[in-house]
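Spelled out, the chains give:
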Amino acid sequence: MERNEILEEFFIDLQKAIRRILKVERRLRLEELKNLVSVDAAYRGRFMAVAAVKWSLMKGEVLDEKTMICEPPYPYVPGLLFLREGPPMLKLIKEFDDWQLLLVDAHGILHPRRMGLAVFLGFILDKPAIGLAKSLLVGEEEPGESFGRVFVEGEVLGYWFKPRGSRKFYVSPGYMVGVDQIPKIISILGSRYPEALRRADMLSKKVLRDLAKQS
DNA sequence: GCGACAG
DNA sequence: ATCTTGTCGC
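So, here is what we can say about the structure in this document. Worth saying up front: this structure is predicted, and the values here are computed from it rather than measured.

## Digging into the protein's contact with DNA strand C
Right, so step 1: If you check the shell around DNA strand C, you find Ala42, Tyr43, Lys134 and Lys205 and nothing else.
Right, so step 2: Here, DNA strand C places atoms within 4 Å of the protein, and 100% of those atoms are sugar or phosphate.
Right, so step 3: Within the backbone of Tyr43, one N or O atom sits 3.4 Å away from a phosphate oxygen of DNA strand C.
Right, so step 4: Among the residues making up the surface near DNA strand C, the classes are represented as two nonpolar, no polar and two charged.

Given below as structure tokens:
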């Protein structure tokens, strides 16, 4: 599928409109956090694979997995990732129940219109969500050793974190989560790149390998 | 106009 | 994101 200027302008307007009505009335209650869902996508040739993993924080293990292979609905455009990865991810996440927080391999409000993929998914699902990305789309990082805030126009919209021995990543609220809750959430997730997301990443790549193997 | 730009 | 071998080091 090729890019479409009219469509992109429309979805940018939609992002701005949704942003205007978003409110922080309900917030994730961290003491009730038991199960997570994480989602990631991988690409190969003309296909993409999306994997969603339900993860138990207490047991530290996978409770359930879902995958799907499809052709990307839209090309990658910085700021409009939700057009590309949102539709298949929603399809999978809706199949899970009994979870309290969604982990997305993308930005949340750390986005030009504060409407990253993690915000969009949380909003559509009406569930708490956060975004975790490996590179910055917008914002200035506070200097530091392994942890710091990320500012956009003087406002704290997220945090950067660099675990010992692994690469830096950025965390920002998606939906029903306050920026002030991010440090505590990172701590609850083990102060490292979340295992639940790592599993979704590995799984999405695996289904594409298996697809290439049999064909 | 130029550069930057989640996955 | 993905294309990709060997190589440095715990």
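Having seen the model, we can carry on.
## Comments concerning the sheet that holds strand β7 (residues 147-152)
Right, so step 1: With respect to topology, nine strands assemble into an open sheet ordered β3-β2-β1-β4-β5-β9-β8-β7-β6, the strand pairing being mixed. Strand pairing shows two members of the sheet lacking a second neighbour, β3 (61-70) and β6 (140-141), which therefore form its edges.
Right, so step 2: Of the strand pairs in this sheet, strand β4 (residues 101-104) and strand β5 (residues 129-133) are connected by three bridges, and their pairing is parallel. Paired with Leu102 across the strands is Ala129, a residue of β5.
Right, so step 3: The sheet contacts of helix α3 (residues 117-125) involve β1 (35-44), β4, β5 and β9 (169-175), and relative to β9 the element is tilted by about 25°.

## Brief notes about the protein's contact with DNA strand B
Right, so step 1: In the vicinity of DNA strand B there are 19 residues, among which Tyr76, Gly79, His107, Leu117 and Lys134 approach most closely.
Right, so step 2: Counted by atom, the contact set of DNA strand B within 4 Å of the protein is 49% sugar and phosphate.
Right, so step 3: In this structure, Gly79 approaches DNA strand B through a main-chain N or O atom, which is 3.0 Å from a base nitrogen.
Right, so step 4: Between DNA strand B and Asp105 there is a distance of 3.4 Å, counted from a sugar or linking oxygen to a side-chain nitrogen or oxygen.
Right, so step 5: Tallying contributions element by element places helix α2 (residues 81-93) first for the surface near DNA strand B, with three residues.
Right, so step 6: When the residues that make up the surface near DNA strand B are grouped by side-chain class, the tally is nine nonpolar, five polar and five charged.

## Quick word on the packing of aromatic side chains
Right, so step 1: All chains considered together, the criterion is met by eight aromatic pairs.
Right, so step 2: Residues Phe123 and Tyr175 carry aromatic rings whose centres are separated by 5.9 Å and whose planes lie at 80° to one another, so their mutual orientation is edge-to-face. Taken together, the residues Phe123 in helix α3 and Tyr175 in strand β9 connect sequence positions 52 residues apart.
Right, so step 3: A relative accessible area of 26% places Phe123 in the partly exposed class.
Right, so step 4: Relative to Tyr193, the ring of Phe169 lies with its centre 5.4 Å away and its plane at 85°, an arrangement referred to as edge-to-face. Separated by 24 residues along the polypeptide, Phe169 in strand β9 and Tyr193 in the loop between α4 (182-188) and α5 (195-214) bring together distant segments of the chain. For the residue pair Phe169 and Tyr193, the accessibility class agrees, reading buried in each case.
Right, so step 5: Three or more aromatic residues joined by ring pairs form one cluster here, namely Phe147, Tyr159, Phe161, Phe169 and Tyr193.
Right, so step 6: Cation over ring: Lys127 sits above Trp99, and NZ or CZ is 4.1 Å from the ring centre.
Right, so step 7: The residue whose ring lies beneath Lys168 is Trp160, and the NZ or CZ to ring-centre distance is 4.8 Å.

Procedures and definitions
Residues numbered from 1 in each chain as written. Chains lettered and ligands numbered in written order. Predicted model: local features only at pLDDT ≥ 70, side-chain atom pairs only at ≥ 80, totals over all residues. Heavy atoms only, no water. Near = heavy atom within 4 Å. Polar contact = N/O pair within 3.5 Å; in protein donor to acceptor, adjacent residues only side chain to side chain. Nonpolar A, V, L, I, M, F, W, Y, C, P; charged D, E, K, R; others polar. Pairing = 2+ DSSP bridges. Helix = DSSP H or I, 4+ residues; strand = E, 2+ residues; numbered from the N terminus. Contact = heavy atoms within 4.5 Å. Axes fitted to C-alpha atoms, helices over the stretch in contact; angles between N-to-C directions. Phe/Tyr/Trp six-rings, centres within 6.5 Å; stacked < 30°, edge-to-face > 60°. Buried < 20%, exposed > 50% of the residue type's maximum accessible area, 1.4 Å probe, protein only. Lys NZ or Arg CZ within 6 Å of the ring centre and 35° of its normal.

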